[in-house]
Amino acid sequence: LYKGGIMNNLIKQYINKITINNINDFAIKNNINLNEKELNVLYDVTKNRFEEVLYKDDSNVKNYLKEHLTSENYDKIVKLYDEYRAKFGGYLL
């Protein structure tokens, strides 16, 4: 298997185990306070659109989040995403 295939399988296994509480805990740890609607939106994106976020053009997901999150939370989440993307993006090739 090529590196991307192995990493993709590991990511899928990890995503399958993520709970809505994991997302909320991670957000709080990063100073992001989500309301119930925002938490559900992020949970749905995490579970169902992670491949689009990680491997394709992420602009559709970012636009979707912009429509469904407060501007403050959107900005914090995109900043956090960009930081992690810069740090770990090389592992996703």
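Treat the numbers as computed from the prediction; the structure is a model and nothing was measured.

## Focus: unusual backbone geometry
Unlike most non-glycine residues, asparagine 31 shows phi in positive territory, near 65°. With respect to the helices and strands, asparagine 31 occurs in the loop between helix H2 (20-29) and helix H3 (36-48).

## Digging into the layout of surface pockets
What the largest pocket holds in volume is close to 1,200 Å³. Lining the largest pocket are 33 residues, with Phe26, Thr46, Leu54, Tyr81 and Tyr84 sitting closest to its centre. Take the lining of the largest pocket: its biggest share by element is seven residues, from helix H6 (residues 71-88). Class assignment for the residues of the lining of the largest pocket results in 25 nonpolar, three polar and five charged.

## As for the environment of aspartate 44
The residue aspartate 44 is located in helix H3 in this model. Expressed as a C-alpha distance, the spacing of aspartate 44 and isoleucine 20, which sit 24 residues apart in the sequence, is 9.2 Å. Look past the residues within four positions of aspartate 44 in its chain and what remains in contact with it is Arg49 and Tyr64.

## A short note on a nonpolar patch on the surface
Side chains of Phe26, Tyr84 and Phe88 sit close together on the surface and give an oily, nonpolar patch of about 260 Å² of accessible area. You can call phenylalanine 26 partly exposed: its relative accessible area is 33%.

## Let's talk about the nonpolar core
Formed by 22 residues in total, the largest nonpolar core has its most connected members in Ile32, Leu34, Leu42, Leu65, Leu69 and Ile77. Sorting elements by how many residues they give to this core places H6 first, with five residues. Residues contacting leucine 34, with those up to four places away along its chain left out, are Ala27, Leu39, Leu42, Asn73 and Ile77.

## A look at the pattern of salt bridges
A full pass over the atoms with the stated rule returns five salt bridges. For arginine 49, the salt bridge is made with glutamate 52, and the minimal N-O distance between the two is 3.1 Å. Linking aspartate 82 and lysine 62 is a salt bridge whose minimum nitrogen-to-oxygen distance equals 3.6 Å. Here lysine 62 lies in helix H5 (residues 59-68) and aspartate 82 lies in helix H6, a separation of 20 residues in the sequence. The network of salt bridges with common partners includes Asp58, Lys62 and Asp82.

## Notes on the side chain of aspartate 58
Along the chain, the position of aspartate 58 falls in the loop between helix H4 (50-55) and H5. With a relative accessible area of 18%, aspartate 58 lands in the buried category. A polar contact is formed between the side chain of aspartate 58 and the side chain of tyrosine 81, at a distance of 2.6 Å. If sequence neighbours within four positions are ignored, aspartate 58 has contacts with Glu52, Val53 and Tyr81.

Conventions used here
Residues numbered from 1 in each chain as written. Predicted model: local features only at pLDDT ≥ 70, side-chain atom pairs only at ≥ 80, totals over all residues. Heavy atoms only, no water. Helix = DSSP H or I, 4+ residues; strand = E, 2+ residues; numbered from the N terminus. 1 Å grid on protein atoms, 1.4 Å probe; cavity = no way out; pocket = protein on both sides within 12 Å on 5 of 7 lines; lining within 4 Å. Points joined across faces, edges and corners; volume = space filled by probe spheres on them. Nonpolar A, V, L, I, M, F, W, Y, C, P; charged D, E, K, R; others polar. Contact = heavy atoms within 4.5 Å. Patch = residues over 30% accessible without salt bridge, like charges linked within 9 Å, V, L, I, M, F, W, Y side chains within 5 Å. Areas by Shrake-Rupley, 256 points an atom, 1.4 Å probe, with all protein chains shown as cover. Salt bridge = Lys/Arg side-chain N within 4 Å of Asp/Glu carboxyl O. Buried < 20%, exposed > 50% of the residue type's maximum accessible area, 1.4 Å probe, protein only. Core = buried A, V, L, I, M, F, W, Y, C linked by side-chain atoms within 4.5 Å. Polar contact = N/O pair within 3.5 Å; in protein donor to acceptor, adjacent residues only side chain to side chain.

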